[in-house]
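Observations on the three-dimensional arrangement
So you can see what is in the structure, the chains are spelled out below.
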Amino acid sequence: MAGIIQSLYEIRFLDELSEKRTVIHNIHPLAKLLTTLIYIVAVVSFEKYEVSGLLPLIFYPVIIIGLAEIPLLPILKRLLLVVPFALGIGAFNPVFDHRIVFTAGWFTLTGGWVSFFSIVIKSILTVLAALTVIATTGMNRISFALRLLFVPRVLVLQLLLTYRYISVLMEEVARVLRAYHMRAPLHKGVRYNAWGSLAGNLLIRTFERAQNVYQAMVLRGFTGEYKTGGAPKIIITDLLYLTVWTLFFAAARLFDIPALIGSLVTGVVK
Amino acid sequence: MHMADALISPVVGGTMWVASAGVAAYSIKKIQSDLDQKKIPLMGVMGAFIFAAQMINFTIPATGSSGHLGGGMLLSVLLGPYAGFLTMASILAIQALFFADGGLLAYGCNVFNLGFFTCFIAYPLIYKQIMRRGYTPARMFSAAMLSAVIGLQLGAFGVVLETLFSGKTELPFNTFVLLMQPIHLAIGVVEGLVTAAVIGFVWKARPEIIENASIGKALGSISIKKVMTGLVVVALFTGGILSWFASSHPDGLEWSMFKTAGVEELESSDGIHQTAGEIQEKTAFLPDYNFKAAESEAEPSDSESEEAWPAVSAGTSVSGVVGGTLTLALACLIGLGISIVKRRGKASAA
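Conventions adopted
- Residues numbered from 1 in each chain as written.
- Chains lettered and ligands numbered in written order.
- Predicted model: local features only at pLDDT ≥ 70, side-chain atom pairs only at ≥ 80, totals over all residues.
- pLDDT = per-residue confidence, 0-100.
- UniProt positions renumbered as here; feature names shortened; annotations may be inferred.
- Helix = DSSP H or I, 4+ residues; strand = E, 2+ residues; numbered from the N terminus.
- Axes fitted to C-alpha atoms, helices over the stretch in contact; angles between N-to-C directions.
- Left-handed = near helix turned anticlockwise from the far one by under 90°.
- Contact = placed C-beta atoms within 7 Å.
- Nonpolar A, V, L, I, M, F, W, Y, C, P; charged D, E, K, R; others polar.
- Buried ≥ 20, exposed ≤ 12 C-beta atoms within 10 Å, placed from the backbone.
- Parallel < 35°, antiparallel > 145°, perpendicular 65-115°, else oblique.

Our focus in this paragraph is the confidence of the model for chain B. With 68% of its residues at a pLDDT of 70 or more, chain B has an overall mean of 75. For this predicted complex, the interface score ipTM comes out at 0.89, while the overall pTM is 0.81.

With that settled, consider the UniProt feature "transmembrane region" (unreviewed entry) in chain B. When the UniProt feature table is mapped onto this chain, "transmembrane region" (unreviewed entry) is found at residues 7-28, 40-60, 72-98, 104-126, 138-161, 181-203, 224-246 and 318-341 of chain B. Within residues 7-28 of chain B, the helical portion is 86% and the strand portion 0%, while the C-alpha atoms at the span's ends are 30 Å from each other.

Look at helix H10 (residues 192-219) of chain A against helix H2 (residues 39-53) of chain B: their axes get within 9 Å of each other, and the N-to-C directions meet at 150°. When you trace H10 of chain A past H2 of chain B, the crossing you get is right-handed. Taken together, the residues of H2 of chain B that come into contact with H10 of chain A (itself represented by Ala199, Leu202, Leu203, Thr206, Arg209, Ala210, Val213, Tyr214 and Met217 of chain A) are Pro41, Leu42, Val45, Met46, Phe49 and Ala53 of chain B. Partitioned by chemical class, the residues of the contact of H10 of chain A with H2 of chain B number 13 nonpolar, one polar and one charged.

How large an interface is tends to be reported as the accessible area lost when its parts come together. On the side of chain A, 101 residues touch chain B, which itself brings 96 residues to the contact. Only helix H1 (10-33), H2, strand E1 (58-59), helix H4 (81-99), helix H7 (173-205), helix H11 (271-283) and helix H13 (314-349) of chain B provide two or more residues apiece to the side of chain B that touches chain A. Counting residues per element, the side of chain B that touches chain A draws most heavily on H13 of chain B, which supplies 18 residues. Looking at the side of chain B that touches chain A, its residues break down into 60 nonpolar, 26 polar and 10 charged.

All names here are of chain A. Those residues of helix H8 (residues 139-148) lying buried are Met139, Arg141, Ile142, Ser143, Phe144 and Ala145. Buried positions along H8 lie against helix H3 (29-45), helix H7 (111-137) and helix H9 (153-183). Looking one or two residues past H8, Phe150 carries a phi angle of roughly 65°, positive in sign.

As a further point, take the packing of H8 of chain A against H9 of chain A. Residues and elements named next belong to chain A. Close contact between H8 and H9 brings their axes to 10 Å; oriented N to C, the two are set at 170°. On the basis of their axis angle, the class for H8 and H9 is roughly antiparallel. Mapping the contact onto sequence places Met139, Ser143, Leu146 and Arg147 in H8 and Val156, Leu159, Leu160 and Tyr163 in H9. Here the residues of the contact of H8 with H9 are counted per class, giving six nonpolar, one polar and one charged.

In structure tokens, the structure reads:
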């Protein structure tokens, strides 16, 4: 119950963020989508024991979050909710991989811990990338970018309709659950004897709603194309955005930048 | 069981993207050939329904705990396998984008594990076979139960294989399977119970909805053979090409082969890093940085070493820690700087 309201709130929150007008929001959705995908591939392509080489890639989300004026706390909260799932699997690495890779006095570091840290960093970076792209672009513009990538019309239309009706149906489910819990105040979840009738009733109503939606769409001239309004053109800034970030990701992937900085600094200190 | 990006490799992620895209393209072709246009809004609204219904807590009888609906089976029963698969794909896309629930690179894996196995294996091979001789409550119950359990077991096994092939985890195959399959057996039973309860109710109240889906607008029978052949060809092809690009990446296929089958077929070092080493050598930037030496030192000389362990010398470790700290500090500074500049800009504009 609280979960539904919370999820609804989060969707609307990201939706509102995507309506802002900042430098990042004004970048063409296709450029942002491609940059995000390249970024994720770059992050994930690091081998499993890489830690320091991954760190420069944090610049990407940091700069985007800053420039796009995305409030940090809600994003971090989502991060904290999601990352433990990946860590659950990663946490087995220290259990199975005992090879000692570094010792300094009493302190020993095993390969398992190194690969675990690598998974932690990769989780954080990839989740941030996914959240920032939706927070700066929004569902309509992402769908527009998908059409430019030749994703079939039916699929994009279906995605947009699902998205559009999620808030409607979540509100409906929340109402039904509220009614249920007021009649059955001590139950944590829905009792077995009400499983079919509760979800089934919702389902039947959904079917009727779909019919009404379809009729309304046809009356308004629906011919199979979902119009999303203005179609932004790709301009030189968008190409620059994509190129500069891709070059940065490539540099971070090819060179271990922190190790270079570190050797420079420690060399100077020596 | 949504997979995250951090646990998969680009090769596995890319291959599964292509496989899922292939199934999606085939499904689109199928529904477009006999599409009644009503199906599109129905798919959209049903997707939203499953999305919302996934948040209902169903109390499991005789235990204190509660379970959730996944929805893959219900979707294929109500919409047919093709539309069901596409609807599942859009639900997963929204979950990945808005809740980071499942990664974007892992999206192909997730669509395949949760959509393909339910809509294209469990539904036609189990549910439809049992229901062939007409509806009875007992038959429907066993059909929903069996197909939900087997669909989820296959999906969970998909997660295990995809994770192991990616080589980011140290979990041995046996342990991972023992971890995943029993959990998903329990989840599958709940899924089966909820699916059966919902179908049973809808059948009593509005039988035409179920009937239309299963006979009238069943959208033809599935040619599993065609789908499977296409998939295997596409997956092998892309897997081959992607692996060739990732060449001698020590994690990935070889690693899991070694782990699970005890066959060592490791190559020495990471292709990209090697190229980088060469570039570095040429540019001679920071000559006393022992990147290249460490790399060659770390090449496995005997069968004992499992991986090409990069740069373990104390010197590089220290400079790595110092440099890493500096990098993070710099990132924080930039973030802070941007927000301060932004705030000032706003204040002066106001």
